[in-house]
Amino acid sequence: MSTDHDRLSLAHALGAREIIRTHLSPTPLRLYPSLDRCIGARVYIKHENHNPTGTFKIRGGINLMHHLASQGISGVTTYSTGNHGSSVAASARMFGLTATVVVPEGSNPLKMQAIKDAGAELIEYGKDFEEAGQKVAQLVEERGLYFVHPANEPHLINGVATEFIEIIERVPDLDVMIIPIGAGSEAAAAITVLKQIRPQIEIIAVQAGASRAAYLSWKAGEVVTAPNTTFAGGVATGTAYAVPFGLYKDALADFVLLTEAELYEGIALAAHHTRNLTEGAGSACLRAAFKIKNRLSGKKVALQMSGGNASGVELQTAMALPCLLDGVC
């Protein structure tokens, strides 16, 4: 019997690229000399924040909706802190599917508006990611919608994996890949592609210390839950998820936790060095690179800039920090 892990592979990722290429252009992979100087490494930034919806997640959404539409599925639902939801909404509309997205109460208003602008029905429910999921289960039962899990969905992961094909084609001798981790689709995608092509590569994950379920699961070697209180939605989850965890539990070289203050510093550092406005999770990898720069010294390092959908409050807080002016922390 085929398992979800059997459906994750470099071959599937290459197939996803053929589907996605008619809808998306490859995102930039750029060098910034000031980052090379500050970190002491050759630092490549993968600008997934330049995708439609401002995040890497649209890659997975397009691949999944292509397959669902071919199966005759007409409606989907999911829960999200914002970026996954906007990806599901936008990609569902591309393929003529309806989408209903549940977000926790008090979510980023810009992300909620993006979900509505993409034509989805938006429902606010619960205090966090997990409680929003309870509402989705009700919608699946009542309306017969297809549930798009934010992590345990192979078509999503294979779509996200196309990003790492683009990176390794440009930098085949890459030493280190740093990725943010929330639900874990990106970690699973990076491992699926990069470890097949370049087994010696080090993949380092980054998560918020205030929402450290993935980190604690990695340390324990089993799925665990933890409090989930970070402002940075892309690295916010109260539990690890089985499919990505099954891949990253033994394949990560290291795991970096960032404080809430450090996540805000990442936004300011991204603005200073790259002139990009990011959300907290979007620049988490950059902030982590500063934190572990001694480990990265002399290496070729790729950092994922995963999302650019910060709220005005987040930007206001970050832009008041000294590192916006001097680029150091």
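Everything below is about the structure shown above.
Cut-offs and rules
- Residues numbered from 1 in each chain as written.
- Predicted model: local features only at pLDDT ≥ 70, side-chain atom pairs only at ≥ 80, totals over all residues.
- Heavy atoms only, no water.
- Helix = DSSP H or I, 4+ residues; strand = E, 2+ residues; numbered from the N terminus.
- Rg over C-alpha atoms; globule rule 2.2 N^0.38 Å.
- Buried < 20%, exposed > 50% of the residue type's maximum accessible area, 1.4 Å probe, protein only.
- Contact = heavy atoms within 4.5 Å.
- Axes fitted to C-alpha atoms, helices over the stretch in contact; angles between N-to-C directions.
- Parallel < 35°, antiparallel > 145°, perpendicular 65-115°, else oblique.
- Left-handed = near helix turned anticlockwise from the far one by under 90°.
- Nonpolar A, V, L, I, M, F, W, Y, C, P; charged D, E, K, R; others polar.
- Salt bridge = Lys/Arg side-chain N within 4 Å of Asp/Glu carboxyl O.

Participant: Quick one: what's the story with the overall build of the chain, residue by residue and with numbers?
Facilitator: Summing up its helical and strand segments, the chain has 16 helices and 10 strands in all. Its C-alpha atoms give the chain a radius of gyration of 18 Å, near enough to 20 Å, the size a compact globule of 329 residues would have. Each principal axis of the C-alpha distribution contributes one length, and for the chain these read about 55 × 40 × 40 Å. By residue count, 60% of the 329 residues in the chain fall in the buried class. Summarising the internal contacts of the chain: among those between residues at least 6 apart in sequence, 73% fall at separations of at least 24.

Participant: Now, about the packing of helix α8 (residues 162-170) against helix α9 (residues 185-197): what can you tell me, with residues and values included?
Facilitator: Orientation of α8 relative to α9, taken along the N-to-C sense of each, is 40 degrees, at an axis distance of 8 Å. Taken together, the axes of α8 and α9 are oblique relative to one another. α8 and α9 meet at a crossing whose hand is right-handed. Residues Glu163, Phe164, Ile165 and Ile168 of α8 form the contact with α9, whose participating residues are Glu186, Ala189, Ala190, Val193, Leu194 and Ile197. A breakdown of the residues in the contact of α8 with α9 according to their chemical character gives 8 nonpolar, no polar and 2 charged.

Participant: Pulling in residues and values, what's your account of the pattern of salt bridges?
Facilitator: Evaluation of the coordinates by the stated rule reveals 18 salt bridges. Notably, a salt bridge pairs Arg143 with Glu121, separated by 2.8 Å at the nearest N-O pair. Of this pair, Arg143 sits in helix α6 (residues 129-143) while Glu121 sits in strand β5 (residues 121-124), and the two are 22 residues apart along the sequence. The closest approach of N and O atoms between Glu262 and Lys291, which form a salt bridge, is 3.0 Å. Highlighted residues: Glu262 in helix α12 (residues 260-274) and Lys291 in helix α13 (residues 284-291), separated in sequence by 29 residues.

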